[in-house]
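# Residue-level structural notes
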Amino acid sequence: MSNDIIRNAAEKVAALRDHFIHHERFEPLEARFAMLVAKRLSDLDAGRSSEAHGLALSGPSGTGKSAAMHHLLAGVGQQLSTTRHWDAPIISLRVPSPATLKFVGYTLLRALGYQIGSERQAWYIWDLVRHHLKERQVLFVHLDEAQDLASRGTKHELNAVASMLKTLMTDPDWPVGIILSGTPELEDILNHDSQLARRMGSVA
Ligand SMILES: Nc1ncnc2c1ncn2[C@@H]1O[C@H](COP(=O)(O)OP(=O)(O)OP(=O)(O)O)[C@@H](O)[C@H]1O
Ligand SMILES: [Mg+2]
């Protein structure tokens, strides 16, 4: 009996946890992202090969960034897979630690469903990442806790990762939009790299 009550309560808590509450801070994010998706789809349909753009969502810890991104990406992802029959139009992952160029590439490759030995070199891993992004028609890659790219890695690694993100967005064959979310330190990455910042809209 008491077990039933506990189970019942646990199920209610779990259902509440899955329930996303719309709030006004979500709206600019939703609108920006809808614009990015529309632009990318119209470029694709017209056979235009222009750079993809991205966005960065920053805010203090616990303000609902991960929840908002999850809700947003799940909704748009679902819509794209039904209308366009793509199996994975958006890939979402947490920045791994250590946030080196090689390990970020390796984690992204795994998120794309491809496993390789970690002894491979960074350029080889990223070549495969780009190949699979195109093969699977991934439109956007979302990196959560993106501030870890700046705080945990060395400056050299940050430069390397920022330049790889730019490369993905400007790939003439298959440009991929990058979505970053994280605490306000994430802005350091954009301040550090103006070419990356120019291609990313910021939402705070
Ligand atoms: N719109 C929402 N509706 C319902 N629950 C929410 C909403 N936004 C946030 N939450 C809940 O609030 C808690 C904190 O949110 P979340 O983990 O998304 O914050 P965060 O900004 O990603 O924090 P951190 O920077 O520490 O990762 C989570 O338990 C999440 O489920
Ligand atoms: Mg979070």
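A brief look at the structure comes next.

Rules and cut-offs
- Residues numbered from 1 in each chain as written.
- Chains lettered and ligands numbered in written order.
- Predicted model: local features only at pLDDT ≥ 70, side-chain atom pairs only at ≥ 80, totals over all residues.
- Helix = DSSP H or I, 4+ residues; strand = E, 2+ residues; numbered from the N terminus.
- Buried ≥ 20, exposed ≤ 12 C-beta atoms within 10 Å, placed from the backbone.
- Contact = placed C-beta atoms within 7 Å.
- Near = placed C-beta within 6 Å.
- Nonpolar A, V, L, I, M, F, W, Y, C, P; charged D, E, K, R; others polar.
- Core = buried A, V, L, I, M, F, W, Y, C linked by C-beta atoms within 7 Å.
- Expected span 1.5 Å × (residues − 1).
- Arc of directions from axis to C-beta.
- Axes fitted to C-alpha atoms, helices over the stretch in contact; angles between N-to-C directions.
- Left-handed = near helix turned anticlockwise from the far one by under 90°.

## Comments concerning the overall build of the protein chain
Scanning the protein chain from terminus to terminus reveals nine helices and five strands. Listed by position from the N terminus, the elements making up the protein chain come as α-α-β-α-β-α-α-β-α-α-β-α-α-β. Across its three principal axes, the protein chain shows a C-alpha extent of roughly 60 × 40 × 35 Å. Burial statistics for the protein chain: of 204 residues in total, 33% are counted as buried. Restricting to contacts in the protein chain with at least 6 residues of sequence separation, those with at least 24 account for 71%.

## Details of the site of ligand 1
Around ligand 1 there are 13 residues in total, and Ser61, Gly64, Lys65, Ser66 and Ala67 lie nearest to it. Considering each element in turn, the shell around ligand 1 owes the most residues, three residues, to helix α3 (residues 65-84). Taken together, the residues of the shell around ligand 1 break down into three nonpolar, eight polar and two charged.

## What about the nonpolar core?
One finds Val161 and Val176 to be the most contacted residues of the largest nonpolar core, which totals 49 residues. By residue number, the principal contributor to this core is helix α7 (residues 155-170), which donates seven residues. Dropping the residues within four chain positions of it, Val161 is found in contact with Ala99, Leu101, Val104 and Leu149.

## Thoughts on unusual backbone geometry
Omega for the bond connecting Ser97 with Pro98 falls within 30 degrees of zero, at 0°, which places this linkage in the cis form. Relative to the assigned elements, Pro98 resides in the loop between β2 (90-94) and α4 (101-111). Of note, the phi angle at Gln137 is positive, near 55°, even though the residue is not glycine. In this structure Gln137 comes out as partly exposed when scored by C-beta crowding, with 16 C-beta atoms within 10 Å. Even without being a glycine, Glu145 presents a positive backbone phi close to 55°. Tracing the backbone through its elements, the reader meets Glu145 in the loop between β3 (140-144) and α6 (148-151). The class of Glu145 is buried, set by 21 C-beta atoms lying within 10 Å.

## Things to note about α7
For α7, which comprises 16 residues, the first-to-last C-alpha distance of 23 Å matches the rise-based estimate of 22 Å (1.5 Å per residue) to within 8%. Taken together, the buried positions of α7 are Glu157, Leu158, Val161, Ala162, Met164, Leu165, Leu168 and Met169. Looking straight down α7, one finds its buried side chains confined to an arc of 160°; they lie on one side. For α7, the exposed residues set more than 90 degrees away from the buried face come down to Lys155 and His156.

## Some words on helix α1 (residues 2-18)
Spanning 17 residues, α1 covers 25 Å between terminal C-alpha atoms, matching the ideal 24 Å at 1.5 Å per step. Burial analysis of α1 places just zero of its 17 residues in the buried class, which makes it a mostly uncovered element.

## Topic: the packing of α4 against helix α5 (residues 122-135)
The geometry of α4 relative to α5 is characterised by a closest axis approach of 9 Å and an angle of 35° between their N-to-C directions. At the point where α4 passes α5, the crossing takes the left-handed sense. Along its contact with α4, which presents Leu101, Lys102, Gly105, Tyr106, Leu108 and Leu109, the element α5 presents Ala122, Ile125, Trp126, Leu128, Val129 and His132. Residue composition of the contact of α4 with α5, grouped by class: nine nonpolar, two polar and one charged.

Don't take any of this as a statement about function, it's just geometry.
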